[in-house]
Amino acid sequence: MTFEPRIVGFLCNWCSYAGADLAGVSRISYPTSIRIIRLMCSGRVDPVFVLEILAKGADGVMVMGCHPGDCHYVDGNLQTERKIKMLKKLIARTGLEPERLRLEWVSASEGGRFAELVNEFTNQIKALGPSPLSGEKPDPVILENILAAKSAAEDFRLRVLVGREKELIEKGNVYGDKTTQEEFNKTMDEAIQAEYVRNKIYFVVRKEPQSVKELSKHLDLDPQMVLRHIVVLRRRGMVTVGRVEGTTPLYTALEVGR
Amino acid sequence: MEHAEEEVLRIGVFICHCGINIGGVVNVPEVVKYAMTLPNVVYAEDNLYTCSSDGLSKIKEGIGKYNLNRVIVASCTPRTHEPLFRATCEEAGVNKYLFEMANIREHCSWAHMHEPDKATEKAKDIVRMAVAKVRLLKPQDEPEIEVTPSALVIGGGISGMTSALCLADQEFKVYLVEKEPELGGMLRHLYKLFPTMLNASEGLSKIVEGVKQNKNIEVWPSTVVKQVKGFIGNFDVSVQRENRETANFQVGTIIVATGADIFEPVGMYGYKKYDNVITQFKLEQLLKDNQLKKPERVVMIQCTGAREEKGRTYCSRICCMEALKNAMLVRELYPETDVYILFRDLQTYGREYEEWRRMAQDKGVKFVKYNLEKLPEVIAGHDGKLTIDVYHALLGEQVQIESDLVVLSTPLVQREDAKELSQTLKVPLGPDGFFFEAHVKLRPIDFATDGIYVCGTAHSPKDTAESVSQALGVASRASIPMAVKRLRTEAITAMVDESLCSGCGTCVKICPYGAIEKDEKGVARVTAVVCKGCGICGASCPEKAISMSHFTDEQVVAQALAALGRTVA
Amino acid sequence: MAYEPKIVAFLCNWCSYAGADLAGTSRICYPPNVRAIRVMCSGRVDPAFVITAFETGADGVLVTGCHPGDCHYVSGNLKAEKRMENVKKLLGLLGLKPERLRLEWISTSEGEKFAEVVADFTEQLRKMEPNPLRAEVNPRAPENTKDVISKAVKKTNVQYCLDCGKCSSSCPISKLNDAYSPRRTVEKILLGFENRVLSGTDFWTCLTCFTCTERCPSDVKFPEFVRACRRLASKEIMEELCAHRGIPMALSRIMTNPNIKQERMGWLPNGTEISPKNDLLYFVGCLPYFDVAFEDFNLNLLKIPQSVVKVLNKVGIKPAMLRNEKCCGHDLLWTGDLENFEKLAKMNVADFKKTGAARIVTACPECYRTLKKDYAERLDNFDFEVLHFSEFLSELVDKGQIEFEGKLERKVVYQDPCRLGRHMGVYEPPRKVIGSIPGVQMVEMDRNRENAVCCGVNAWLSCNKYSKEVQIDRLMEAKATGADLLVTACPKCQIHWKCVTSEKLPVNPEEVTMEMRDLSVLVAEAMHLT
Amino acid sequence: METSRSVMVIGGGIAGMQASLDLASRGLKVYLVEKTPSIGGRMAQLDKTFPTMDCSICILAPKMIECFRHPNLTILTYSELQEVSGSAGNFTVKILKKPRFVDEEKCTGCGVCAQHCPVEVPNEFDMGIGVRKAIYVPFPQAVPLKYTIDEEHCLKCGLCQKICQAEAVDLNQKPEVVHLNVGAIVVATGFELFDAQRRSEYGYGKYKNVLISLEFERLLSASGPTGGHLLRLSDGRIPKRIAFIQCVGSRSLKGGVSFCSNACCMYATKEAILIREHEPECEVYIFYNELKVFGKGFQDFITGAQTHWGVKYIRALPGEVAEDSKTGDLTLWYEDTIENMTKSIKVDIVMLCPALVPRATNKEVGGILGLELDENGFFKPKDFLFAPVDTNVPGVFICGYCQGPKDISESVVQASAAAARAAEVIALSSSKGAH
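Residues numbered from 1 in each chain as written. Chains lettered and ligands numbered in written order. Predicted model: local features only at pLDDT ≥ 70, side-chain atom pairs only at ≥ 80, totals over all residues. Heavy atoms only, no water.

Participant: What's the story with the environment of Y314(B) in this structure? I'm lost.
Facilitator: The residue Y314(B) is located in the loop between β17 (297-301) and α10 (319-333) in this model. The class of Y314(B) is buried, set by a relative accessible area of 9%. Note: C-alpha distance between Y314(B) and S57(B) (257 residues apart in sequence) is 59 Å. In contact with Y314(B), not counting residues within four places along its chain, are A306(B), R307(B), P411(B), L412(B), V413(B), D432(B), F434(B), P461(B) and Q299(D). Among the polar contacts made by the side chain of Y314(B), one reaches the main-chain carbonyl oxygen of L412(B) at a distance of 2.5 Å. (Helix = DSSP H or I, 4+ residues; strand = E, 2+ residues; numbered from the N terminus. Buried < 20%, exposed > 50% of the residue type's maximum accessible area, 1.4 Å probe, protein only. Contact = heavy atoms within 4.5 Å. Polar contact = N/O pair within 3.5 Å; in protein donor to acceptor, adjacent residues only side chain to side chain.)

Participant: Mind showing me how you'd approach the arrangement of the chains here?
Facilitator: Of all five pairs of chains that touch, the greatest number of contacts is found between chains B and D. Across the gap from chain A to chain C, with no contact made, the nearest C-alpha atoms are 36 Å apart.

Participant: Help me out: how do you make sense of the interface of chain B and chain A in this one?
Facilitator: Interface size is commonly expressed as the accessible area that is lost once the parts come together. Taken together, the contact pairs 53 residues of chain B with 54 residues of chain A. When chain B packs against chain A, close to 4400 Å² is buried across both sides, 61% of that on carbon and sulfur atoms. A per-residue breakdown of the area chain B buries against chain A is headed by R79(B), H107(B) and L564(B), which together make up 13% of the total. Our enumeration of links across chain B and chain A arrives at eight salt bridges. A salt bridge links D125(B) to R35(A), with the nearest nitrogen and oxygen atoms 2.8 Å apart. Mapped by element, the contributors of at least two residues to the side of chain B that touches chain A are α4 (78-91), α5 (105-109), α6 (116-136), α14 (506-510), α15 (536-540) and α16 (553-563) of chain B. At seven residues, α16(B) tops the list of elements feeding residues into the side of chain B that touches chain A. (Buried area = accessible area lost by both parts, 1.4 Å probe. Salt bridge = Lys/Arg side-chain N within 4 Å of Asp/Glu carboxyl O.)

Participant: Honestly, the sheet that holds strand β2 (residues 34-39) of chain C in this entry has me stumped. Any pointers?
Facilitator: All names here are of chain C. Strand order in the open sheet formed by four strands is β2-β1-β3-β4, with parallel pairing between adjacent strands. The open sheet has two edge strands with one neighbour each: β2 and β4 (101-105). Averaged over neighbouring strand pairs, the angle between their axes works out to 20° when direction is ignored. The pairing of strand β1 (residues 7-12) with strand β3 (residues 60-65) spans five bridges and is parallel. Across the sheet, the residue bridging to L11 is T64, located in β3. Contacts from helix α1 (residues 16-25) reach β1, β2 and β3 within the one sheet, and its direction differs from that of β1 by about 110°. Sheet strands touched by helix α4 (residues 111-127): β1, β2, β3 and β4. Its angle to β4, the strand with the most contacts, is close to 165°. (Pairing = 2+ DSSP bridges. Axes fitted to C-alpha atoms, helices over the stretch in contact; angles between N-to-C directions.)

Participant: When you look at the packing of aromatic side chains in this model, what are you seeing that I'm missing?
Facilitator: Between two aromatic rings, the relevant description is the distance of the centres plus the angle of the planes. In this structure the tally under the stated criterion is 40 aromatic pairs over all chains. Where F382(C) meets F384(C), the ring centres are 5.3 Å apart and the plane angle is 65°; that geometry is what we call edge-to-face. F384(C) gets classed as buried once you look at its relative accessible area, which sits at 10%. Grouping aromatic residues by their ring pairs yields a cluster made of F194(B), Y349(B), Y353(B), W356(B), F50(D), F294(D) and F298(D). (Phe/Tyr/Trp six-rings, centres within 6.5 Å; stacked < 30°, edge-to-face > 60°.)

Participant: I would appreciate a short explanation of the pattern of salt bridges in the present structure.
Facilitator: When charged atoms on two side chains of opposite charge get close, those side chains can pair. Overall, the coordinates contain 145 salt bridges over all chains when judged by the stated rule. Where E195(A) meets R198(A), a salt bridge forms, and the shortest distance between an N and an O atom there is 2.8 Å. Placement of both E195(A) and R198(A) in helix α7 (residues 181-207) is noted, with a separation of three residues, approximately one turn of the helix. For the pair shown, E195(A) and R198(A) are each scored as buried. Each of the salt bridges in this network shares a partner with another, and the network as a whole consists of R232(D), D235(D), R237(D), D324(D), D329(D), K346(D) and D348(D).

Participant: What am I meant to see in the interface of chain B and chain D here?
Facilitator: Facing the 79 residues of chain B at the interface are 73 residues of chain D. Carbon and sulfur atoms supply 58% of the area buried between chain B and chain D, which totals about 5900 Å² over both sides. If you sort the residues of chain B by the area they bury against chain D, R351(B), K441(B) and L442(B) come out on top, with a joint share of 16%. Seen at the junction of chain B and chain D, the total is six salt bridges. For K292(D), the salt bridge is made with E354(B), and the minimal N-O distance between the two is 2.9 Å. Counting across the interface, chain B meets chain D through 26 residue pairs in polar contact (both at pLDDT 80 or more). Elements with a contribution of two residues or more to the side of chain B that touches chain D: α4, α7 (158-169), α8 (200-213), α11 (350-362) and α13 (464-484) of chain B. When residues in the side of chain B that touches chain D are grouped by element, the largest group, 15 residues, is from α13(B).

Structure representation (structure tokens):
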């Protein structure tokens, strides 16, 4: 049978949801693939939602908000944009196609546009095929990666960076010096990479204790980097030395209340 | 919260045919059957029109008969019908926040009318999603807060006084704070007011009297606002008099009517270099005090320091009329005196002012258009005269005008102390330096922060009539909360889990409404009244310490997973 | 009583002048009344020279040239002959004995003949009374330029100019001629640069077609402003720009002379009836003169008054008419000669009164505007209802008093004359009349009614390459409608268009040549009255 | 004298809605009387609003719904003022509710009737560019979302009656008179467009590709007849060059109105920017006489249009527009008053900005209420300076465009002002009543 994508759409109450209503009112048909969730503002979309849903096998996720400037909540939609930007980078690392996540602006008068977008996105997903995480036997590797990404997204560091982006770039930090978009992106990318890997390490060693060597093979990462991450994880109280085999310490995960 | 856990969920689902709008596409009975299979659904039925009066009574019946404590209506868009059904639930004793709508018309039957089967499947999913959410919903109440029925008006000019009088007439107490020792503001310095040419002093004295007489208005001259704490309904204001003595008021609302200053064009067109180069404002005073000696030729230069490429890019709105007015006054006073107006675009807008241009033309005032690219030059001529060398854009040639009085029309600019006030009140200033309203079109005199309003030239340059309109406007806006006395706070608000909050302040920065501040413990505290419930803070909180009532993470995710066919039971 | 006539003689250089010389060298005596002017060829003698000679008081004009065949310039003398015939006709119309103008062939060897001709001509003139036409020169009261202008500015709303340029971009001329812009003219006036304007060509370039007036948002009546200021503007430039050496204006000036007794009713067809007194007076206008002046165009313009009278008779009206009707003065008024205009107006009105008429009908839009508006404004005793013939006809159509015979299978396009349309707002009556003719299919040019385009010249001024472009453009527009007949209600339109099409054309003549007809003639035809 | 604590607001445009909401939210009973079948007014027809480029209906619809939901607010659509007696604090009002031939109680706005209605007529809301049925809602977001049968075009075929399962269609519905007792009255009748055909030199109504502003708004609007695709009506081609002509009928001593409409320079700029957004290839020229940039953010908006969007401004009001009957292209003649040259330019579409004029019906409304009108047909304020929203009749207030030219924000401000005065009057007269 043909593949019917499952798409979850987060729509803001004021523009996009109204736009979807208008599509219906104007009897503009589009694929049945999308399931709409109404939020007051697209800014409410927590990166964690998206990763959670992808982990549970959604074939695609659409986030829709008011056009820049139209936001009912001043600039909530710009916050959304930053989050999605970060998310896509994060997802890209997990082996899942970042194209499965999409952000669009749809105004209350753009019923036609809404339909077109759903149609377009559905086709795009069809082309990608079913999510490797959907169905009975989700791909274990990608699943693990996504869960790592998810806990990275729950983590303080990435969230605070996203939350402060506007301020850092426009107003400047506590010392009043501004960051350029380039500088910021650089920091952001590093943070994403680091946090993702760390959480990955955490998930790996949670299954069974591992040595730096093994880890560096598993993650195909320079042992030195691995060690550096482990140091951080230890400081965070997420990882500790399980046992020592000969001279090689094997690290294991600590249960952390999350 | 706890009791919600204990109680047994009893969900009722009411599915609407909407005539044939839904029923014609979606197999409603099948959806009803399906709904019954969902966890905690104890009752489901279909109606022809759920929103019709008899459909509504069916809901009430259902609630009573099956003592439902959660209700779902699957029909059209909540954006129009949710309030109706919520009200129905309340009438039947179910908290309105325990109601959820499933939009199976706009988002389903209408959009997929050619695929009835898929539409039916989608309808089931939508209902399932609603069930998933409604199971996690908690009853909410909308706590009310008291509003102090008094207002603080900052600025004793025509705007401030007009607002004050209008509020006072509605029996609200008004504290009118004026920086200067005297009431009256800008009008005290003006001669005649366009378009009626009334003497400013005449118009002003009536109003000042009115204010002084009014028992509900407390005038505080020579006073400035020092500190403002609190939020709409309950502001704590402390003011300070010249003589350092301070005072505190409790007010429900605050009106900013601080007016504007006139730009001093030092170094432009020989201002302050030649003493026969003066500002339009100065000319008005000379006319007022009958001090103007007969000039042979007057040249007025518009847009001096306004509509610049950089800096003051804005148009000051009133200067053209000011110039026309004074030009005519001069011609009336000294008919032999030539008057030239050097302009860029004549802002003779609205009902009267085009007619004003014609009046000036009738009176023989001469107009010369110049361009930003080729500004006029003022050159010293012999015996104290000045030569204005201007490129006449409409003739395409350089024209020299000898004049013994050059008058510069300069824009209104924000006052120096406005920045301080904007910080005290936590309300923004715009790029042009004037106070920045919540929305240019639909909330032109509100601030994004509830309970604080702006009017008059503090908002942007405008004439007397326009200032009065705005002043009356804010009087209406401010009287709303004070008239209803109590404010229902939005139930959909952010909630901070203090145990998780690290006080990083991200939410404080991110909230568009300044609804979050750090309390003495250094953790975030949400002012429910001010919160609009967008949830941006929740989605951004680094510690995930903030959650949104009625749109909690669990609820949203549950809905999403239900969409994927993975019911979280 | 005996008087000494003054004779102006034009002598051609090659024959007659030499002849006159010979008379002298051979000591042949002849009267001293002649004043000789040497021209290279008798063909050089412009009718205007002759008219001017008479206007300024010559009792006789003698034009002499080589004998036919001897002309140094092949056929110049024959042209002269034809021209002088025309001038004689004009003099006849003005009630002046044609013999006062004499054309003689005198060769180099005919010294005696020259003397005889002069002697004989002098004798002949002595028998007549002195030239009655001598127009009085009007010493114009000195005026304060600034006052005239500021009055005009107020009267015509010039001060309200918005500098929007609608006038210039509506003006048929400034679209072609960048040097000319009503807006800039106004702007200069308002800034006090009037001398620059008065010494330039601006005021003489305006067609006074009222298109700008029609469209100006500030209701600036530019043509009327121009009219008010023309009396101040440079006459030299005007004369340069004036077509036909100013004959028409000269004729009008001559008519201000109370002594003249015109003979202008010759065209009246037999069988038609007019009456000395009637409620309706038909004001013909200068058509009899134009018919002569523009004979070469063979428009036979006299068909117009003939048709009018026939139609009037047909509906049982014997109109009053003026045997000594004077020019309405339109062209004088629009070139700033107020004094002579007012003289003509007064004389005409005096004559109108004699007929006991209450209504005046005319087929000429210029006369129509001048009587209805300018007479009414300037004379306190003007109490007549003035109608353009088209209005009169449409009344008849309404009353069903017109019987058309058979069908007139023509596709007709109508040109709105400026003075009838934009000046006076008469757009529909002509259309109604044309539309009511059985068989006629009426089409419109894209630019019609208030947007119609002028025929290109007014008051014989500034007839130049620009006006020609305007005319050709307009004729092409008319042709493009697919109509086979171009109807207008103004004789001048026909004259100016005919003039342009009779010259060398920049376009294929096919695209512009059209059969033209005056409304009155068309109606007469349709009523089978011609 | 007993006072009514309710207010009648005449006109359901943005001004009327704002005044109503202010009054209702402060606890007074409000009757909002609207002539057409839906509230929303002119703003609902706009695509975007300057200078923020907000989607007009997006920011308006919530307000409309708020009006509809508000417990203190009763909307009387398709209704007209008939009679008023009494005085400030206590007016008695007669309203004529025209028959919709649809029972507002029963109609659920589902629209099945319109799908089946055989009669198609040009939709006024879309300025006649789009079509609607004889039974219709003017636009999808209409409030109340109740259908209306337009008697003029209805064939009385009864199809809608058969099809409507809510049994809402009632072809024998009769006009109904509603009696109200109110303490104050707010008038907000808004504006209409100057008839551009009166400036025949521009060929509106004669040339297909000469449009007026509001038609253009609908053409640009995503919910408009072309779904927001910018097309030439004559041949459906995408335009490559568009010219705006300002001051059509405004600022005129002759053939128009004497005043400036305040909004045209800005909305033309807005539409110009939208064109450049839709069709970056399409050149846009704005022919103006004076740029009116007096409002907050206006100058920056225009500067942006010039520098960032490449909109060309030419200081000239064209003298005439001519059509090439074969191609439908238009030639504009104008004198560039800065270059001092008379030129012509060929364009695909000419967009006229006609004067915005007070409604002709102000005479009747004014007559019924005893209000003075000025020579332009605006309602006269009692004192232009210090009582701009008061009128010669105590207790009757004016706001929005019917008081004088205004843009949206100025109208909103004045609406609140009128609300304040109305509330004041009621407060004062009831306190008097008390004593």
